[in-house]
Amino acid sequence: MKIIRIGTRESRLACVQAELVSNYIGQHCPGYEAQLVKLLTAGDRDLTKSLEEFGGKGAFVRELDIALVKGETDLSVHSLKDMPMEVSQAIPVIGYSRREDARDVLVLPRGADQYDGQRPIGCSSIRRRVQLKELYPQARVKPIRGNVPTRLKKLDAGEYGALVLAAAGLKRLGLSDRISRYFSAEEMVPAAGQGIVCVQGRQGRDYGYLDGFFDKEAKLCAVCEWAFMAYLNGGCSLPAGVYARIGQEGKLHVLGMYWDEQKGVCKMAMTGEADRPEELGIRLAKALKGLE
């Protein structure tokens, strides 16, 4: 029996996502056995700093990267939206899961049926903050850190009047009942990769046993969205979002958002060939910045 050690953050959501891969291995890969290796990352240890103060999304992946490079794990599982723009060639992303709901949602305290506007809305990203200001212009927006249960506890304790979270995380945790409102992608353009789980491996290793787990449509969307963000030089501190999807006609549709100090929130949509996702993402980024 070959043991596959899967690196993951310690949070319940991260473990649930890693279990998507381990369960697949257990059910579809005879001769293989998956084991989770839970690691505490810098971003999880220190909840007093903003992600900008950490210097970007690497705060959630560094420890997993080190374990993978050292051979202490065989692969790592991440939320794609937590991945930094640049990934080492030694530990490439080898595939993407089927996408869960990519939308952002509004979560209210237990017992509330609408946002009363009295207490701040908690959200963790500049992308959400600038779009919230358009949806709720009178609301005060306050940063919030911590895993999903921690944030919900702060909400229900009265520290916040509402939260903005990713639908995917709540659904994977079995907390869909906490969702009060879904924001359409047009209302609040999601983060690049939101709802997609990605798998990192070591260069030169054979990961063919995971081919059935990986999703081709998610890969096309991820490549398009990452190209958009990379062109804008986008880390977690950039007020930008992007959402790509494959239409029924087989075309790739992509919606992008970029915040400009003079113009405010700028949004634009484009359609292109699904087999040229990177080109489409770059074209949209150029157009949003007024270069085309």
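In short, a report on the structure.

1. Quick word on the overall build of the protein chain
Here comes step 1: Each helix and strand counted, the protein chain has nine helices and 13 strands in total.
Here comes step 2: Its C-alpha atoms give the protein chain a radius of gyration of 19 Å, within 12% of the compact-globule value 19 Å for 292 residues.
Here comes step 3: With respect to the three principal axes, the spread of C-alpha positions in the protein chain is 60 × 50 × 35 Å.
Here comes step 4: Counting only residues that meet the buried cut, the protein chain has 52% of its 292 residues in that class.
Here comes step 5: Within the protein chain, contacts between residues at least 6 apart in sequence are counted, and of these 68% link residues at least 24 apart.
Here comes step 6: Surface exposure of the protein chain reaches about 13800 Å², of which carbon and sulfur atoms provide 46%.

2. Side note on the sheet that holds strand β10 (residues 197-201)
Here comes step 1: Taken together, five strands build an open sheet; the order of strands is β2-β1-β3-β10-β4 and the sheet is mixed. In this open sheet, the two strands that pair with only one neighbour each are β2 (32-39) and β4 (93-96). Sheet twist, expressed as the average angle between the axes of neighbouring strands with direction ignored, equals 30°.
Here comes step 2: Of the pairings in the sheet, the one linking β4 to β10 comprises three bridges and is antiparallel in character. Considered in β10, the bridge of Val 93 is made with Gln 200.
Here comes step 3: Sitting on the sheet, helix α1 (residues 12-28) touches β1 (2-9), β2, β3 (75-79) and β10, and the angle it makes with β1 is about 165°.

3. Digging into the packing of aromatic side chains
Here comes step 1: In this structure the tally under the stated criterion is five aromatic pairs.
Here comes step 2: Each ring, one from Phe 213 and one from Phe 214, has its centre 6.0 Å from the other, and the planes form 70°; the classification is edge-to-face. The exposure classification of Phe 213 matches that of Phe 214, with both residues buried.
Here comes step 3: Site record: aromatic cluster; members linked through ring pairs are Tyr 24, Phe 213 and Phe 214.

4. Side note on helix α4 (residues 62-70)
Here comes step 1: For α4, the set of buried residues is Leu 64, Ala 67 and Leu 68. The buried residues of α4 occupy one face: seen down the axis, they fall within an arc of 100°. Residues of α4 that are exposed and angled more than 90 degrees away from the buried face: Val 69 and Lys 70.
Here comes step 2: Buried positions along α4 lie against β1, β2, β3 and β10.
Here comes step 3: Positive phi shows up at Gly 71, right after α4, with a value of about 85°.

5. Here's the deal with the nonpolar core
Here comes step 1: Counting 31 residues, the largest nonpolar core has Leu 80, Tyr 96, Phe 228, Met 229, Leu 232, Leu 252 and Val 254 as its most contacted members.
Here comes step 2: Put simply, the parts of the chain that give this core at least two residues each are α8 (216-231), β11 (240-246), β12 (252-260), β13 (264-272) and α9 (277-288).
Here comes step 3: Here this core gets seven residues from one element, more than from any other, and that element is α8.
Here comes step 4: Beyond its immediate stretch of four places on either side in the chain, Tyr 96 contacts Leu 80, Ile 196, Val 197, Cys 198, Phe 213, Phe 214, Asp 215, Ala 218, Lys 219 and Ala 222.
Here comes step 5: Counting 16 residues, the second-largest nonpolar core is a separate cluster that includes Ile 6, Ala 18, Val 21 and Tyr 24.

6. Considerations on the sheet that holds strand β7 (residues 141-142)
Here comes step 1: Taken together, five strands build an open sheet; the order of strands is β7-β6-β8-β5-β9 and the sheet is mixed. Every interior strand has two partners, whereas the edge strands, β7 and β9 (179-182), have only one.
Here comes step 2: Here strand β5 (residues 104-107) runs beside strand β8 (residues 162-166); their pairing, made up of four bridges, is antiparallel. Across the sheet, residue Val 107 finds its bridge partner in β8, namely Leu 163.
Here comes step 3: On the sheet, helix α5 (residues 126-135) packs against β5, β6 (121-122), β7, β8 and β9 and is oriented at approximately 130° with respect to β8.

7. A few points about α1
Here comes step 1: Along its 17 residues, α1 runs 24 Å from first to last C-alpha, staying within 8% of the 24 Å computed at 1.5 Å per residue.
Here comes step 2: At Glu 19, α1 is bent by approximately 25°, the largest bend along its length.
Here comes step 3: Buried residues of α1: Leu 13, Ala 14, Cys 15, Val 16, Gln 17, Ala 18, Val 21, Ser 22, Tyr 24 and Ile 25, and no others.
Here comes step 4: Against the buried residues of α1 lie β1, β2, β3, α6 (148-156), α7 (167-172) and β10.

8. Looking at the packing of α8 against α9
Here comes step 1: It is at 7 Å that the axes of α8 and α9 come closest, and there the two elements cross at 35°. When the axes of α8 and α9 are compared, the crossing they make is right-handed. Judged by residue contacts, Leu 220, Val 223, Cys 224, Ala 227, Phe 228 and Tyr 231 of α8 engage Pro 277, Glu 278, Leu 280, Gly 281, Ile 282, Leu 284, Ala 285, Lys 286 and Leu 288 from α9.
Here comes step 2: For the contact of α8 with α9, the class distribution of residues is 12 nonpolar, one polar and two charged.

Conventions adopted
- Residues numbered from 1 in each chain as written.
- Predicted model: local features only at pLDDT ≥ 70, side-chain atom pairs only at ≥ 80, totals over all residues.
- Heavy atoms only, no water.
- Helix = DSSP H or I, 4+ residues; strand = E, 2+ residues; numbered from the N terminus.
- Rg over C-alpha atoms; globule rule 2.2 N^0.38 Å.
- Buried < 20%, exposed > 50% of the residue type's maximum accessible area, 1.4 Å probe, protein only.
- Contact = heavy atoms within 4.5 Å.
- Areas by Shrake-Rupley, 256 points an atom, 1.4 Å probe, with all protein chains shown as cover.
- Pairing = 2+ DSSP bridges.
- Axes fitted to C-alpha atoms, helices over the stretch in contact; angles between N-to-C directions.
- Phe/Tyr/Trp six-rings, centres within 6.5 Å; stacked < 30°, edge-to-face > 60°.
- Arc of directions from axis to C-beta.
- Core = buried A, V, L, I, M, F, W, Y, C linked by side-chain atoms within 4.5 Å.
- Expected span 1.5 Å × (residues − 1).
- Bend = angle between axes of the 7 residues up to and from the residue.
- Left-handed = near helix turned anticlockwise from the far one by under 90°.
- Nonpolar A, V, L, I, M, F, W, Y, C, P; charged D, E, K, R; others polar.

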